[in-house]
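Each chain, letter by letter, is given below.
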Amino acid sequence: MREILSAGILYYAVCVCCIPAPAQQQTALANNALRLSWTSKNGEWHIKEVAVHGQSLPHTSGEYTLLYTKEKPGNTPITLYDKSGKKSSFLEPQYKYIVPLWEAALKPVPMNTAGEAIYFYPSSVKKNNGELVFTGENNKATVTSSWRLDEVFKTDILVEISLQAKEDGYYSLATPTLATVPENELAWGGIPGYFQSNAVEKDIIKAYAYMQGIPDKPVIVRERTAATLSPFIQTKNNLTLAVIPTPGTGRDPWEDDTNTQSDWLLGLSLMNRKASLTPTLYHPVLGEKGSLLKRGEKVTFSFRYSLQKAGWYTVFKHAVNDIYHFNDFLALKKTRQSLTSRILSMHKYVVNNKTSLWNIENYKGIDIGAQSYLGGVYGSEKDAMKNSDYGAMWMLAGITGDSVLQQTRLPYARNFKLQQQDNTPGFFHGAAAGQYYLTKSKRFTEEWGPYVEPIGLTYYMMMDMGNVLLFNPRDTVLKQELQSAADRLLAWMAPEGKWAVAYDHASQKEMFTEVEDLRPTFYGLIVAWKILKDKKYLDAAKRGADWFIRNATAKGHFLGVCGDARFAPDFATGQSAQALLDLYDITKDRKYLQAAVRTAQLYTTSIYTHPVPSAKSKKVNGVLRQDWEISQAGLSFEHGGILGSANHRGPILLASHAGMFVRMFTLTGDSLFLNMARAAVLGRDAFVDSATSVASYYWDVMNKGAGPYPHHAWWQVGWITDYLLAEMEMRSSGKVQFPRGFITPKVGPHQTYGFAAGKVYGTSADLLLKDGLLKTNNPYLDYYCAINLKEHKLFLLLLNSDDDPLKCSIDIDYTKVLPGKTIKPVACYRISKNGSKKTTEITPSFQEDIPPYGLNVIEINYELLAK
């Protein structure tokens, strides 16, 4: 007979076959979804069956792994060799930011070669109040583990494992191997923030450094760039197994009063030590905090397995929402400054020459304007200049009517863009000469070397020029240069639809040939088609997107756009989702919609969901903060993995993906997109400089403002506007909608507005934003205005950016609406979500009641008063 334990109740069944005499001992845990059984073989307890809803995982195991070393593990990186047997020279010496990270990742502990691996199975088991308690021991330790089924999440198994040392030394416990997955049965595997793929990759550079495939070695990665602490593997028969540590197991990046980002408490892997595919955790990490034990000392580690008859994304969301309680984060947030207020304050910042570090330089007889860039640039002597978000520049100038921007910024920024293009005949004609202008050597250059990237052409020529042309469609010079750029991009396109990563400026030879251009380079041709209307550009854009879908989205392989990180995957992945969505909007071909959603789902794994935010008091640079105020949860990283800036700097505050995620929620109804957008955007005051309202770029500097990146303010104006208008469109069910322009270069998928009228419940209206037009003392109120000059209608578009009902007072100054003109309101209406109008009192002050995350729309009809 065998015993089956389920929720503390014993069931008995008679086995009539397959058990030799004498009968093997067996035990099990089971409920109406999950069954997990063990059998004793030669005094060792092996897992016999793991099944969910009647479907079994093959290749079960139950083996335990313990890592031990008497001395602290060594720090000498392993040496890599290429296919010819020569020592690998993967990273050129100029990549000073990532060389140390690469070397650290090749040390024995992350490569999982450190210490002695001791494998064993438990030798005894006891039943105890709905639990099975297994014990195993060897000459180094006694290991006890308790297993029980989760009463709430029926497909989860809760495990607590304890180790008691028999000798002094360093110890690391691995999660037991529930079952292994052969490569030919792998459908998808991932560690969010590190790996996501449908195949094992033997090229360690591609897999380990560029996250293109699952490494064929049992590498152990750190929690600091693991966006969600949940390694998972999906099989081809649609079973997904994940292992999820109990919240609090991983490092806290700011534990008390100092940065603890680099503490390493939890290791994550997609293989066990024997290099068999199975999601695995290690705690403590060998040689790290908590791993040194004296004889008799104990360490305990708790986690859960989740096995579902579903794809990886379902199980991933279970870890995010159910275990790490990501949805609860928004309830903790408090806001001190509205997003609209930040835009208006940053407007003052960008028109101030001193604060924004604005410069005008003469280049070849032309005055060009840009902002100082004090970060690292190849060949720079701290004399670099650049502009960032051209769409936001023209947008803000238009919706505010600011003459300073229109007269002292835009003309010189346009000149910068024209001079940035290489117009010499030959191979590079039409391409970008470089992102940056160096004032001392009077030349344009790329960020990290003398090369030219096809995606740089898409970014710094076509997307920027396209956005400007939306506002100034009669700029024939700019249009000619756009066509020159489009033809160069087309000429560089391979027949199958791909591009080189880069070309050496001197030799014109391809560079970085060990990786492919898995980036949205094809988007430049979408811009060309929409502006120039030549079908050859649209045909080429589709060919490029089709190649991207097959080779990037389908495989989970992406490349980044940051030269200083040698193109480690980054926010270009999120940008790719919006690029595909824009192509769907043009073609209505659902394969582009499906690929856009799939790419956006993959990008959710680049958003931090841990540690669980709390109200714990911490001291940050001498200021008391609650933990949630500085939480990494909800933020994306610049680039993650083993090479990314997130390793030391943490995530970034530039949430370009927020508007795109709101659009994805509208399309799919998937609340993870919406919650991630809001978690990134709202209540981030601890990172905003009070003097300028510019947020810091990297998490680790907290609220030091723009720092060496003054141009980032334009990106912040752009992404905040994109987010607010996406929320308005979503909350109004599409009845408040403004045309979106092109994606901004580099940092993500946000798009520009203000170049054409939108619709407010059927009425055409142009965006309007003026400092002092609306006044409120409530930081949870965000707003934009819109106006129809012909029909004399002013609209107030009012958002509650909180999960509680909002009551606030809004004062309106009618002298601020039209420069040099005075208007008088003659009728006022409130517009309901279904579009019906209700007359309301004409007043200079409105008392607003807005439901949680609601939208109020007020229409004011006015007349012009004679001077």
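These figures come from a predicted structure and were not determined experimentally.

Asker: Tell me about the overall build of the chain, residues and numbers included.
Answerer: Within the chain one finds 19 helices and 46 strands. By the compact-globule yardstick of 29 Å for 867 residues, the chain fits well, its C-alpha radius of gyration being 29 Å. Taking the principal axes of the C-alpha coordinates as reference, the chain spans close to 105 × 70 × 55 Å. Out of the 867 residues in the chain, the part that is buried amounts to 62%. Restricting to contacts in the chain with at least 6 residues of sequence separation, those with at least 24 account for 70%. As presented, the chain carries roughly 31,700 Å² of accessible surface, and 49% of it is formed by carbon and sulfur atoms. Counting 94 positive and 84 negative side-chain charges, the chain places the centres of these two groups 2 Å from one another.

Asker: I'd love a proper account of the sheet that holds strand S39 (residues 774–775), names of residues and values included.
Answerer: Strands sit in the order S39-S42-S45 across an open sheet of three strands; the sheet is antiparallel. A single partner strand is all that each edge strand has here, and the edge strands are S39 and strand S45 (845–850). Summarising the sheet, strand S42 (residues 806–812) and S45 pair through six bridges and their orientation is antiparallel. Opposite serine 809, over in S45, you have glutamine 847 as the bridge partner.

Asker: Describe helix H19 (residues 712–731), and please don't skip the residues or the numbers.
Answerer: Across its 20 residues, H19 extends 28 Å between first and last C-alpha, which sits within 8% of the 28 Å expected from 1.5 Å per residue. Extensive coverage of H19 is indicated by the burial of 19 of its 20 residues. Looking one or two residues past H19, serine 733 carries a phi angle of roughly 55°, positive in sign.

Asker: Summarise the nonpolar core; cite the residues concerned and give the values.
Answerer: Core analysis: the biggest nonpolar cluster contains 275 residues, and Trp102, Trp147, Leu163, Tyr208, Val760 and Leu796 have the highest contact counts within it. The element best represented in this core is H19, accounting for twelve residues. When sequence neighbours within four positions are dropped, the list of residues in contact with tyrosine 208 reads Trp102, Ala105, Leu106, Pro110, Met111, Phe195, Pro215, Val219 and Ile642. Membership of the second largest hydrophobic core comes to eleven residues, among which are Val620, Ile630, Trp699 and Met702.

Asker: Lay out the packing of aromatic side chains with the relevant residues and their values.
Answerer: Counting across every chain of the model gives 44 aromatic pairs. Measuring from ring centre to ring centre gives 5.3 Å for tryptophan 38 and tryptophan 147, while their planes differ by 85°; the resulting arrangement is edge-to-face. On the criterion of sequence distance, the pair formed by tryptophan 38 in strand S4 (residues 34–41) and tryptophan 147 in strand S11 (residues 141–149) is long-range, its members being 109 residues apart. For tryptophan 38, a relative accessible area of 3% translates into the label buried.

Asker: Before we move on, could you go through empty space enclosed by the protein and cite the residues and values that matter?
Answerer: Counted according to the given criterion, the structure contains 13 cavities of 30 Å³ or more. If you add up the space inside the largest cavity, you get close to 160 Å³. As for the largest cavity, its lining consists of 17 residues, of which Tyr194, Gln196, Met211, Pro569 and Ser606 are closest to the centre. Residues of the lining of the largest cavity, tallied by class, amount to nine nonpolar, seven polar and one charged. Lining the second largest cavity are 13 residues, and of these Thr335, Gln337, Leu339, Val681 and Gly683 sit closest to its centre. Considered class by class, the residues forming the lining of the second largest cavity number five nonpolar, four polar and four charged.

Asker: How would you explain the pairing of S4 if you had to name every residue and give the values?
Answerer: Burial analysis of S4 places seven of its eight residues in the buried class, the great majority of the element. In this structure, S4 lies alongside strand S5 (residues 44–52), joined through eight bridges in antiparallel fashion. Opposite serine 40, over in S5, you have tryptophan 45 as the bridge partner. Between S4 and S5, which pair antiparallel in sequence order, lie two residues; one of them, asparagine 42, sits at a positive phi of approximately 55°.

Asker: For the sheet that holds strand S30 (residues 443–445), give the residues involved together with the corresponding values.
Answerer: Taking strand neighbours across the sheet as the criterion, the five strands line up as S26-S27-S28-S29-S30 in an open arrangement whose pairing is antiparallel. Unpaired on one side and paired on the other, strand S26 (358–363) and S30 mark the two borders of the sheet. On average, each strand axis in the sheet is inclined to that of its neighbour by 50°, with strand direction left out of account. As paired elements, strand S29 (residues 436–438) and S30 share three bridges and run antiparallel to each other. Looking across to S30, one finds that tyrosine 436 is bridged to threonine 445.

Asker: Account for the pattern of salt bridges, naming residues and giving values.
Answerer: Counted under the stated rule, the structure contains 37 salt bridges. Between aspartate 517 and arginine 519 there is a salt bridge, and its shortest N-O distance comes to 2.5 Å. What makes aspartate 517 buried here is its relative accessible area of 2%. With a relative accessible area of 2%, arginine 519 lands in the buried category. A salt bridge links arginine 830 to glutamate 848; the nearest nitrogen and oxygen atoms lie 2.6 Å apart. Remark: glutamate 848 occurs in strand S45 and arginine 830 occurs in strand S43 (residues 822–831); sequence separation between them is 18 residues. Owing to a relative accessible area of 26%, arginine 830 belongs among the partly exposed residues under this scheme. One salt-bridge network, in which partners are shared between bridges, spans Glu791, Lys793, Lys837 and Glu859.

Asker: Break down the pairing of strand S46 (residues 855–865) for me, citing the residues and quoting the values.
Answerer: When you tally the buried positions in S46, you get eight out of eleven residues, the bulk of the element. One ladder, built from seven bridges, connects strand S41 (residues 793–800) with S46; its direction is antiparallel. Counterpart to leucine 799 in the pairing with S46 is leucine 855. Here S43 runs beside S46; their pairing, made up of nine bridges, is antiparallel. Looking at the pairing, threonine 822 lines up with leucine 865 of S46.

Basis of the calculations
Every chain's residues receive numbers from 1 upward, in the order its sequence appears when written. Only residues with pLDDT of 70 or above have their local features reported here, since the model is predicted, and side-chain atom pairs are shown and tallied only from 80 upward, although totals for entire chains, interfaces and linings are computed over all residues. Processing note: side-chain calculations cover all non-hydrogen atoms of the structure and skip hydrogens and water entirely. Under the DSSP-based scheme used, a helix requires at least four consecutive residues in state H or I and a strand at least two consecutive residues in state E, with every element numbered from the N terminus. Within these notes, the globule rule equals 2.2 Å times the number of residues to the 0.38 power, and the radius of gyration is based on C-alpha atoms. The classification of residues rests on relative accessible area computed with a 1.4 Å probe and restricted to protein chains. Under 20% of the type maximum is buried, over 50% is exposed, and intermediate values are partly exposed. A contact between two residues is defined here by any heavy atoms of the two lying within 4.5 Å. Reported accessibility uses the Shrake-Rupley method at a 1.4 Å probe radius. Residues are deemed covered only where the shown protein chains occlude them. In this count, Lys and Arg are taken as positive residues and Asp and Glu as negative ones, while His and the chain termini are left out. Charge positions are represented by NZ for Lys, CZ for Arg, CG for Asp and CD for Glu. Two strands pair if DSSP finds at least two bridges between them. Given a helix with a known number of residues, its expected span is that number minus one, times 1.5 Å. For our purposes a nonpolar core is just a set of buried Ala, Val, Leu, Ile, Met, Phe, Trp, Tyr and Cys residues, chained together by side-chain atoms within 4.5 Å. Stacked, edge-to-face and tilted are the three classes for Phe, Tyr and Trp ring pairs, Trp counted by its six-membered ring, which pair at centre distances within 6.5 Å; planes under 30 degrees apart are stacked, over 60 edge-to-face, the rest tilted. A cavity here means a set of 1 Å grid points, computed over protein atoms only, where a 1.4 Å probe fits but cannot escape. A pocket is an open set with protein on both sides within 12 Å along at least 5 of 7 lines, and lining residues have an atom within 4 Å of a point. Grid points are joined across faces, edges and corners, and a volume is the space filled by probe spheres set on the points. Here the term charged refers only to Asp, Glu, Lys and Arg, the term nonpolar to Ala, Val, Leu, Ile, Met, Phe, Trp, Tyr, Cys and Pro, and the term polar to all other amino acids, Gly among them. Interaxial angles span 0 to 180 degrees and are taken between N-to-C directions of axes, which are lines fitted to C-alpha atoms, for helices over the stretch in contact. Any carboxyl oxygen of Asp or Glu that lies within 4 Å of a side-chain nitrogen of Lys or Arg is treated as forming a salt bridge with it.

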